[in-house]
Amino acid sequence: NLAYTKEAFVESSGYTEDYTSGDDMFLMLALKNKSRDKIMFLKSENALVYTNAKKTFTDFFEQRTRWVSKSKGYKDISVIAIAILIYCFNAFVLISGFLSVFYENILCPFIMLFAIKSFMDYVFIRSIAKFYNKNSLLKFFIPVEFFELFYVSLVGLTGNFRSYKWKGRRVKK
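Attention in this report is confined to the structure presented alongside it.

### Describing the overall build of the protein
When helices and strands are counted, the protein shows 6 helices and 2 strands. Overall, the C-alpha framework of the protein stretches about 60 × 40 × 35 Å when taken along its three principal axes. Going through the 173 residues of the protein one by one, you find that 28% of them count as buried. Long-range contacts, defined here as pairs at least 24 residues apart, represent 61% of the contacts in the protein between residues at least 6 apart. About 12900 Å² of surface is accessible on the protein, with carbon and sulfur atoms providing 64% of the total. In the protein, 25 positive and 15 negative side-chain charges are present, and the distance between their average locations comes to 5 Å.

### Re unusual backbone geometry
The backbone of Asn133 sits at a positive phi, close to 55 degrees, despite the residue not being glycine. Here Asn133 lies in the loop between helix H5 (107-131) and helix H6 (141-161). Taking relative accessible area as the criterion, Asn133 reaches 66% and is therefore assigned exposed.

### A word on helix H3 (residues 57-69)
Over its 13 residues, H3 extends 18 Å from the first C-alpha to the last, a length consistent with the 18 Å expected when each residue adds 1.5 Å. Restricting attention to buried positions, one finds in H3 the residues Phe61, Glu62, Gln63, Arg64, Thr65, Arg66 and Ser69. Structurally, H3 contributes buried residues whose contacts are with H6, strand S1 (164-166) and strand S2 (169-171).

### Let's talk about the layout of surface pockets
For the second largest pocket, the calculated volume is near 310 Å³. Taken together, 17 residues line the second largest pocket, and the ones lying closest to its centre are Thr16, Phe26, Ala30, Gly73 and Lys75. In terms of residue class, the lining of the second largest pocket is made up of 7 nonpolar, 6 polar and 4 charged.

Rules of the game
Residues numbered from 1 in each chain as written. Predicted model: local features only at pLDDT ≥ 70, side-chain atom pairs only at ≥ 80, totals over all residues. Heavy atoms only, no water. Helix = DSSP H or I, 4+ residues; strand = E, 2+ residues; numbered from the N terminus. Buried < 20%, exposed > 50% of the residue type's maximum accessible area, 1.4 Å probe, protein only. Contact = heavy atoms within 4.5 Å. Areas by Shrake-Rupley, 256 points an atom, 1.4 Å probe, with all protein chains shown as cover. Lys, Arg positive; Asp, Glu negative; His and termini not counted. Charge placed at Lys NZ, Arg CZ, Asp CG, Glu CD. Expected span 1.5 Å × (residues − 1). 1 Å grid on protein atoms, 1.4 Å probe; cavity = no way out; pocket = protein on both sides within 12 Å on 5 of 7 lines; lining within 4 Å. Points joined across faces, edges and corners; volume = space filled by probe spheres on them. Nonpolar A, V, L, I, M, F, W, Y, C, P; charged D, E, K, R; others polar.

Here you go:
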């Protein structure tokens, strides 16, 4: 759900056609560069837009791979830094968890890193769940935290190197 003036659209050079998807994200970043002080987020129940979730894990994975595939087009240093930080932290927690199976002395650092990650995620997700009146979904938080370690690490890699399926066609990198 995105709204902007025609003037802002023209000043930002409009949509890009360099990537098969992501035109909305690239437009927002272009608008940010031109009119940083004029961008606002409308947090209102009246402005909510709902999108159906992907029905299968394969569709979900393809969607996320497509989203990551445009990351090479980002020029905004804050977006790049946050993406790298999140990816590296998740990969580091995942690797430390795997290594803790073989090396007992890594178990405590893994638990601490996982606890830090979980706390930060929970604070953010709890506020979203409250806004959407979906607090009942928080019971899935811990299992999803473990899944996310694998998901972020895997999609972060594959999204930059493999092709993906979108709108019935295979898009090559």
